[in-house]
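Notes for the structure review
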Amino acid sequence: MQVYLDNNATTMVDPLVVEAMQPFFSEIYGNPNSLHKFGTASHPALRKAMDQVYKALNASDNDDIVFTSCATESNNWVLKSVFTDHIVNGEKNHIITTEVEHPSVLAACRALENEGVKVTYLPVNNQGVVEPQVVKSFITDKTALVSVMWASNETGMINPIKEIGEICKEKGVLFHSDGVQAVGKIPVDLQEVHVDFVSMSAHKFHGPKGVGALYIKNSQPLSPLLHGGEHMGGRRSGTLNVPYIVAMGKAIELATTNIEEKMASIRAKRDRLEDALLELSDTFVVGDRDNRTPNTILISIKGVEGEGMLWDLNNSLIGASTGSACASEDLEANTVMLAIGADNELAHTGIRLSLSRFTTDEEIDYTIDQFKKAVFRLRSISSSFAKVGPTPGGESKAC
Ligand SMILES: Cc1ncc(COP(=O)(O)O)c(CNc2co[nH]c2=O)c1O
């Protein structure tokens, strides 16, 4: 048996999505910008895909949704164009984000610091979420943008986006949320929550890699990141990737239809897995599961190096991660665990398990069995665990 539990990194493309894409490779393949029938033949499918995304997000017709190549592009677009539109002219000079954002936000912010922008990286609490009042306390009249991820790719913890949005609206500050780990996984209603910009990525909800989108509230101005054509109303140049846009529409429709039912099913499997792993001594899971995306577990196993655990699980054909694949090459401590206050040793023991709607009960059973065997094997050769020994009573808990 092989079990894929790294769905926060990327997901399998739903076979129904693959089917929806097929006609647009060799049958309806014209350039949508061409005026002839080969080009206009793709327009109905493009309109349908756009409608599917609007419906899934409950976006208003006054809002814009622009397809991009990925969420990394969407995140960079917001940050760099807010800089262009509101900071270069001297109107503002400050951006607020958090210490635990995805690298595509953090690296873009660091690039803007090199341009002289003042960036505040807010801390998170011991649950790994940022507190609205902390956001409010750092907003000044020079703040151009607040950027806070909707849900964490590493912990699944969900930030108080509605409350932060209300603060930003009251203060007249633009608000961006990297919605990659929320869209398609938990309800996202953009008429319920005030956010100016939301990034999303199809390969997180069973669409293909290489297509994402940016939601822009009230179609407000945002300078293009890419120039050179009147695509997407001049918002984002580049020939439309028709099969992938169609795929994103189908994928978001499948992911958000009966989403509560889908969430309940995934959550039940995740909770069963989490409860079983917490039976191991000296383990803890980051964040209260009631405020977490239904598919994610970030578990720390005292005395077991995360990388070693990954390889052991890999030998059992179980795919997991120690955190964002974007940072998986380095053997650094898990930054989120450091941010919530774990010490350096503990922060090297994090393992992220992220399920999907395709995860089966049999796969959960197999994972529980293999995970416990791996922990026993690795702890038996672990110098640190042997030295410290198990905590009497083996305190294990979610926190
Ligand atoms: C919160 C978040 N933002 C942005 C991205 C980048 O999206 P893309 O550019 O469309 O790929 C990711 C991918 N996150 C991960 C990729 O690998 N492991 C992860 O956790 C993400 O989780």
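This report concerns the structure included in the present document. (Residues numbered from 1 in each chain as written. Predicted model: local features only at pLDDT ≥ 70, side-chain atom pairs only at ≥ 80, totals over all residues. Heavy atoms only, no water.)

1. Concerning the overall build of the protein chain
Defined as follows: The numbering of helices and of strands both runs from the N terminus, where a helix is a DSSP run of H or I of at least 4 residues and a strand a run of E of at least 2. Relative accessible area decides the class of each residue, using a 1.4 Å probe on protein chains only: under 20% of the type maximum gives buried, over 50% gives exposed, and in between gives partly exposed. Note on definitions: a residue-residue contact is assigned when non-hydrogen atoms from the two residues lie within 4.5 Å. In these tables, accessible area is a Shrake-Rupley quantity obtained with a 1.4 Å probe, and a residue counts as shielded only by the protein chains included in the view. Neither His nor the chain ends is counted toward charge; the positive residues are Lys and Arg and the negative residues Asp and Glu. A charged residue contributes its charge at one atom only: NZ of Lys, CZ of Arg, CG of Asp or CD of Glu.
Across its full length, the protein chain holds 15 helices and 13 strands. The principal-axis extent of the C-alpha atoms belonging to the protein chain is close to 70 × 50 × 35 Å. A burial count over the protein chain gives 57% of its 399 residues as buried. Excluding contacts between residues fewer than 6 apart, the proportion of contacts in the protein chain whose partners are at least 24 apart in sequence is 73%. Carbon and sulfur atoms provide 54% of the accessible area of the protein chain, an area that totals close to 16600 Å². A gap of 2 Å separates the mean positions of the 36 positive and 50 negative side-chain charges of the protein chain.

2. Here we look at the packing of helix H4 (residues 43-57) against helix H9 (residues 242-256)
Put simply, the rule reads: Lines fitted to C-alpha atoms define the axes, with helix axes restricted to the stretch in contact, and inter-axis angles between N-to-C directions lie between 0 and 180 degrees. The handedness criterion is simple: a crossing whose near helix is rotated anticlockwise from the far helix by less than a right angle is left-handed, and one whose near helix is rotated clockwise is right-handed. Nonpolar residues are Ala, Val, Leu, Ile, Met, Phe, Trp, Tyr, Cys and Pro. Charged residues are Asp, Glu, Lys and Arg, and all others, Gly as well, are polar.
It is at 8 Å that the axes of H4 and H9 come closest, and there the two elements cross at 35°. Along this stretch, H4 crosses H9, giving a crossing that reads as left-handed. When H4 is examined against H9, the residues Ala45, Leu46, Ala49, Gln52, Val53 and Ala56 are found in contact with a partner set consisting of Val242, Ile245, Val246, Gly249, Lys250, Ile252, Glu253 and Thr256. Within the contact of H4 with H9, the residues separate by chemical class into nine nonpolar, three polar and two charged.

3. Some words on the pairing of strand E6 (residues 174-178)
Selection criterion: Between any two strands, pairing holds if DSSP finds at least two bridges.
Of all five residues that make up E6, five are buried, and the element is covered over most of its length. Alternating positions in E6 separate into two faces, Leu174, His176 and Asp178 on one and Phe175 and Ser177 on the other, with burial throughout. In terms of strand pairing, strand E5 (residues 143-147) meets E6 through three bridges, oriented parallel. If you follow Leu145 over to E6, its bridge partner there is Leu174.

4. Digging into helix H6 (residues 103-113)
All buried positions along H6 are accounted for by Ser104, Val105, Leu106, Ala108, Cys109 and Leu112. On its buried face, H6 is in contact with helix H5 (71-87), strand E3 (94-98), strand E4 (118-122), E5 and E6.

5. Concerning the side chain of Glu101
Which entries qualify depends on this criterion: One side-chain nitrogen of Lys or Arg within 4 Å of one carboxyl oxygen of Asp or Glu is enough to make a salt bridge. Here a polar contact is recorded for every N or O atom pair within 3.5 Å, except that within protein the pair must consist of a potential hydrogen donor and a potential acceptor, and residues adjacent in sequence are included only if both atoms are side-chain atoms.
Summarising the element assignment, Glu101 is placed in the loop between E3 and H6. One buried charged residue, Glu101, forms no salt bridge at all, with the nearest opposite charge on Arg110 at 11 Å. Here the side chain of Glu101 touches Thr98 through a polar contact of 2.8 Å, side chain to side chain. Here Met149 takes part through its backbone nitrogen, which lies 2.9 Å from a polar atom of the side chain of Glu101. Sequence-distant contacts of Glu101, defined by excluding residues within four places in its chain, comprise Leu106, Ser147, Val148, Met149 and Asp178.

6. Re the sheet that holds E5
The strand order E2-E8-E7-E6-E5-E3-E4 describes an open sheet built from seven strands, whose pairing is mixed. The open sheet terminates on both sides in strands that have one partner only, identified here as strand E2 (64-68) and E4. Here the strands of the sheet are splayed against their neighbours by 20° on average, with no regard to which way each runs. Packing of H4 onto the sheet brings it into contact with E2 and strand E7 (197-201), and relative to E2 it is tilted by some 120°. Against the sheet, helix H8 (residues 161-171) contacts E5 and E6, and its axis sits at roughly 160° relative to E6.

7. A short note on the nonpolar core
Spelled out, the test is: We call a set of buried residues a nonpolar core when its members are Ala, Val, Leu, Ile, Met, Phe, Trp, Tyr or Cys and they connect through side-chain atoms within 4.5 Å of each other.
Grouped together as the largest cluster of nonpolar side chains are 78 residues, with contacts concentrated most on Leu57, Ile65, Ile95, Val146, Trp150, Phe197 and Met200. Not counting residues up to four positions away in its chain, the partners in contact with Ile95 are Leu79, Ile87, Cys109, Leu112, Val117, Lys118, Val119, Thr120 and Leu145.

8. Describing the packing of aromatic side chains
For clarity, the cut-off: Any Phe, Tyr or Trp ring, taking Trp's six-membered ring, that has another such ring centre within 6.5 Å forms a pair; planes under 30 degrees apart are called stacked, those over 60 apart edge-to-face, and the others tilted.
Inspection of the entire model under this criterion finds one aromatic pair. Where Tyr29 meets Phe38, the ring centres are 6.3 Å apart and the plane angle is 45°; that geometry is what we call tilted. Residue classification places Phe38 among the exposed positions, given a relative accessible area of 52%.

9. Focus: the packing of helix H11 (residues 306-315) against helix H14 (residues 361-380)
In plain terms, the rule: Angles below 35 degrees are treated as roughly parallel, those above 145 as roughly antiparallel, those between 65 and 115 as roughly perpendicular, and all remaining angles as oblique.
For the pair H11 and H14, interaxial distance at closest approach is 10 Å and the crossing angle is 130°. The orientation of H11 with respect to H14, classified from their angle, is oblique. Seen along the crossing, H11 lies across H14 with a hand that is right-handed. When H11 is examined against H14, the residues Gly308, Met309, Asp312 and Leu313 are found in contact with a partner set consisting of Phe371, Ala374, Val375, Arg377 and Leu378. Looking at the contact of H11 with H14 residue by residue, the classes come out as six nonpolar, one polar and two charged.

10. Here we look at the environment of Leu79
The residue Leu79 is located in helix H5 in this model. When the C-alpha atoms of Leu79 and Ile95 are compared, they prove to be 8.7 Å apart, with 16 residues separating the residues in sequence. Look past the residues within four positions of Leu79 in its chain and what remains in contact with it is Ile95, Val105, Ala108, Cys109, Leu112 and Leu145.

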